[in-house]
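Results of the structural survey
Chain residues, written in single-letter form:
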Amino acid sequence: MEEEINKLDIEVIPTPKIDNIKSDLTFKLIVVGNPSVGKSCLSLQGTTGKFEDSYVATVGFDFYSFFAKIENQLIRLQIWDTCGQEGYRSLVQNFYRGTALAILVYAINDIKSFNDVGTWVKQLKAYSNPDVKMFLVGNKNDLENERKISEEEGRKCSKDLDFYCFYETSAKTGFNSKEVFIKAVKLLYINYKKYNSGQNMNDGGKKTGNKKLGKDLLEKEKRKKKECC
């Protein structure tokens, strides 16, 4: 799979100020983790290249879009940035269904956020697609002087809990922020092709393969309906 991802050419499309882009494919991605680990900042930096220094806690959800073109397909990554507060977690669980990929974020200077990774994994597996892919992200890489969790510990956690991959990022400097979403959209596109391998993607032909898994992994955009994001 990694070889396929590395070989896949991708063109990242800047997110417009007014999002009126009609995409060919839409994948749903959810960002979870404890409060104050930088989930919203990571989503903002990864999709727009901007950083907001002031902290405002997310209430419920924020939404971001990441656009890319792969093999002449315009793809929207629909990013659901979730609140991490304990009181809202039951609400967050209701929106796990249909998630193609989850990015679980902790902060490298916050031991509790790292120790709670296992709890978030259990929640994801209980309420989302059982085949959901997961990325583990150690954010705030720029706070090296405050580091409490080593990169090696992050990688070991990722391996032990069966994450697809591990990144350290900095939403402030932009380090690896866009790369996380580039990898996500490539992986989801490859999965889409895998489960729809019998279809010529440009001829509107009948899909073949595992339809249930294909539906769970992909929310295909319906052009005639108003997009819910």
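Residues numbered from 1 in each chain as written. Predicted model: local features only at pLDDT ≥ 70, side-chain atom pairs only at ≥ 80, totals over all residues. Heavy atoms only, no water.

Considerations on the pairing of strand β5 (residues 101-107)
- Burial of β5 is extensive: 7 of the 7 residues sit out of reach of the surface.
- Alternating residues of β5 divide into Leu-101, Ile-103, Val-105 and Ala-107 and Ala-102, Leu-104 and Tyr-106, and every residue in both groups is buried.
- The pairing of strand β2 (residues 25-33) with β5 spans 5 bridges and is parallel. Considered in β5, the bridge of Val-31 is made with Ile-103.
- Sheet topology places β5 next to strand β6 (residues 133-139); 7 bridges connect them, and they run parallel. Bridge pairing in β6 places Ala-107 opposite Asn-139. (Buried < 20%, exposed > 50% of the residue type's maximum accessible area, 1.4 Å probe, protein only. Helix = DSSP H or I, 4+ residues; strand = E, 2+ residues; numbered from the N terminus. Pairing = 2+ DSSP bridges.)

What about the environment of Leu-25?
- When you line up the elements, Leu-25 lands in strand β2.
- On the basis of relative accessible area, Leu-25 is assigned to the buried category, the value being 1%.
- For the pair Leu-25 and Tyr-192, spaced 167 residues apart in sequence, the C-alpha to C-alpha distance is 9.5 Å.

Here's the deal with the nonpolar core
- One finds Leu-29, Leu-77, Ile-79, Leu-101, Ile-103 and Phe-135 to be the most contacted residues of the largest nonpolar core, which totals 35 residues.
- Sorting the residues of this core by element identifies β2, α2 (39-48), β3 (61-70), β4 (73-82), β5, β6, β7 (165-168) and α7 (177-195) as the ones contributing at least two each.
- Per element, the largest residue contribution to this core is 9 residues, and it comes from α7.
- Among residues more than four places away in sequence, those in contact with Leu-101 are Lys-28, Leu-29, Ile-30, Val-132, Lys-133, Phe-135, Ala-184, Leu-187 and Leu-188. (Core = buried A, V, L, I, M, F, W, Y, C linked by side-chain atoms within 4.5 Å. Contact = heavy atoms within 4.5 Å.)

Examining the side chain of Thr-99
- On the secondary structure map, Thr-99 appears in the loop between α3 (89-93) and β5.
- The buried category is assigned to Thr-99, whose relative accessible area is 1%.
- In this structure the side chain of Thr-99 is engaged in a polar contact, spanning 2.7 Å, whose partner is the backbone oxygen of Tyr-96. (Polar contact = N/O pair within 3.5 Å; in protein donor to acceptor, adjacent residues only side chain to side chain.)

With respect to the packing of α2 against α7
- At a closest axis distance of 7 Å, the pairing of α2 and α7 adopts a crossing angle of 75 degrees. Our classification of the angle between α2 and α7 gives roughly perpendicular. Taking contact as the criterion, the partners of Leu-42, Ser-43, Gln-45 and Gly-46 in α2 are, on α7, Ser-177, Lys-178 and Phe-181.
- Here the contact of α2 with α7 is composed, by residue class, of 2 nonpolar, 4 polar and 1 charged. (Axes fitted to C-alpha atoms, helices over the stretch in contact; angles between N-to-C directions. Parallel < 35°, antiparallel > 145°, perpendicular 65-115°, else oblique. Nonpolar A, V, L, I, M, F, W, Y, C, P; charged D, E, K, R; others polar.)

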